[in-house]
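# A look at the structure
Chain residues, written in single-letter form:
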Amino acid sequence: PIIVESIVQALEEDEHDYEVISAADGFEAGLQVGHFKPDLLILDIMMPDIKGYEVCKKIKGAPETRKTRIVVLSAYLDDEKFEQMKAYGADACFSKPLPLPRLKEEVARQLGLAG
């Protein structure tokens, strides 16, 4: 929860004026994605109730959300998992902790806002 709050605050205060919605678990995230159809999703691979790769697959497999950009964060990311997440549709993968300035740069890059 502390990491999520830090990311939310950093993005809300960003110069690009993002609208940020957070979720506490995979189930809630699925509901939020279905309702809001975000341009980008920051996803942890290891959530308590559902695995990140399943979320990735569902989002990229659904016509209404397949263009959603997915940035994966994980403390357990090695090269093999990185490739696996890419295969499931992740657009970028990073090991935690990822410094907030670097995350903000990646979000802007994924949304075509980096200049």
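Residues numbered from 1 in each chain as written. Predicted model: local features only at pLDDT ≥ 70, side-chain atom pairs only at ≥ 80, totals over all residues. Heavy atoms only, no water.

### Observations regarding the overall build of the chain
- Counting its secondary structure elements, the chain contains 5 helices and 3 strands.
- Ordered by position in the sequence, the α and β elements of the chain form the string α-α-β-α-β-α-β-α.
- Its C-alpha atoms give the chain a radius of gyration of 13 Å, within 12% of the compact-globule value 13 Å for 115 residues.
- In terms of its C-alpha atoms, the chain occupies a principal-axis envelope of roughly 30 × 30 × 30 Å.
- For the chain, the proportion of its 115 residues judged to be buried stands at 36%.
- A separation threshold of at least 6 residues defines the contact pool for the chain, and within that pool the share at least 24 residues apart is 51%.
- Within the structure as shown, the chain displays about 7,300 Å² of accessible surface, and the carbon and sulfur contribution to it stands at 52%. (Helix = DSSP H or I, 4+ residues; strand = E, 2+ residues; numbered from the N terminus. Rg over C-alpha atoms; globule rule 2.2 N^0.38 Å. Buried < 20%, exposed > 50% of the residue type's maximum accessible area, 1.4 Å probe, protein only. Contact = heavy atoms within 4.5 Å. Areas by Shrake-Rupley, 256 points an atom, 1.4 Å probe, with all protein chains shown as cover.)

### Details of the pattern of salt bridges
- One pass over the full model with this rule turns up 5 salt bridges.
- Taking the shortest distance from any N to any O, the salt bridge between K96 and D44 comes out at 2.5 Å. With K96 in the loop between β3 (92–95) and α5 (100–110) and D44 in strand β1 (residues 40–44), this pair connects stretches of sequence that are 52 residues apart.
- Overall, K96 belongs to the partly exposed group, its relative accessible area being 29%. (Salt bridge = Lys/Arg side-chain N within 4 Å of Asp/Glu carboxyl O.)

### What to know about the environment of V4
- Residue position: V4 is located in helix α1 (residues 2–12).
- Separated by 38 residues in the primary sequence, V4 and I42 have C-alpha atoms spaced 9.6 Å apart.

### Observations regarding unusual backbone geometry
- Geometrically, the link from K96 to P97 is a cis peptide bond, its omega value of -5 degrees lying close to zero.
- Its location among the elements puts P97 in the loop between β3 and α5.
- One non-glycine residue with positive phi stands out, namely D17, at about 55 degrees.
- Within the secondary structure, D17 sits in the loop between α1 and α2 (26–36).
- With a relative accessible area of 64%, D17 lands in the exposed category.
- The backbone phi angle of K37 is positive, close to 45 degrees, even though this residue is not glycine.

### Notes on a negative patch on the surface
- On the surface, D78, D79, E80 and E83 cluster together into a negatively charged patch.
- Its location among the elements puts D78 in the loop between β2 (69–74) and α4 (79–87). (Patch = residues over 30% accessible without salt bridge, like charges linked within 9 Å, V, L, I, M, F, W, Y side chains within 5 Å. Lys, Arg positive; Asp, Glu negative; His and termini not counted. Charge placed at Lys NZ, Arg CZ, Asp CG, Glu CD.)

### Comments concerning the sheet that holds β3
- Ordered in space as β1-β2-β3, the 3 strands form an open sheet in which the pairing is parallel. Here the strands that pair on one side only, and so sit at the sheet edges, are β1 and β3. Within this sheet the neighbouring strands show an average axis-to-axis angle of 20 degrees, counted without direction.
- Pairing between β1 and β2: 5 bridges, direction parallel. Among the inter-strand pairings, L41 is bridged to a residue of β2, identified as I70.
- Packing against the sheet, helix α3 (residues 52–61) makes contact with β1 and β2, and its axis sits at approximately 160 degrees to β1.
- Packing against the sheet, α5 makes contact with β1, β2 and β3, and its axis sits at approximately 160 degrees to β2. (Pairing = 2+ DSSP bridges. Axes fitted to C-alpha atoms, helices over the stretch in contact; angles between N-to-C directions.)

Interpretation note: all reported values are geometric properties and have no functional meaning in isolation.
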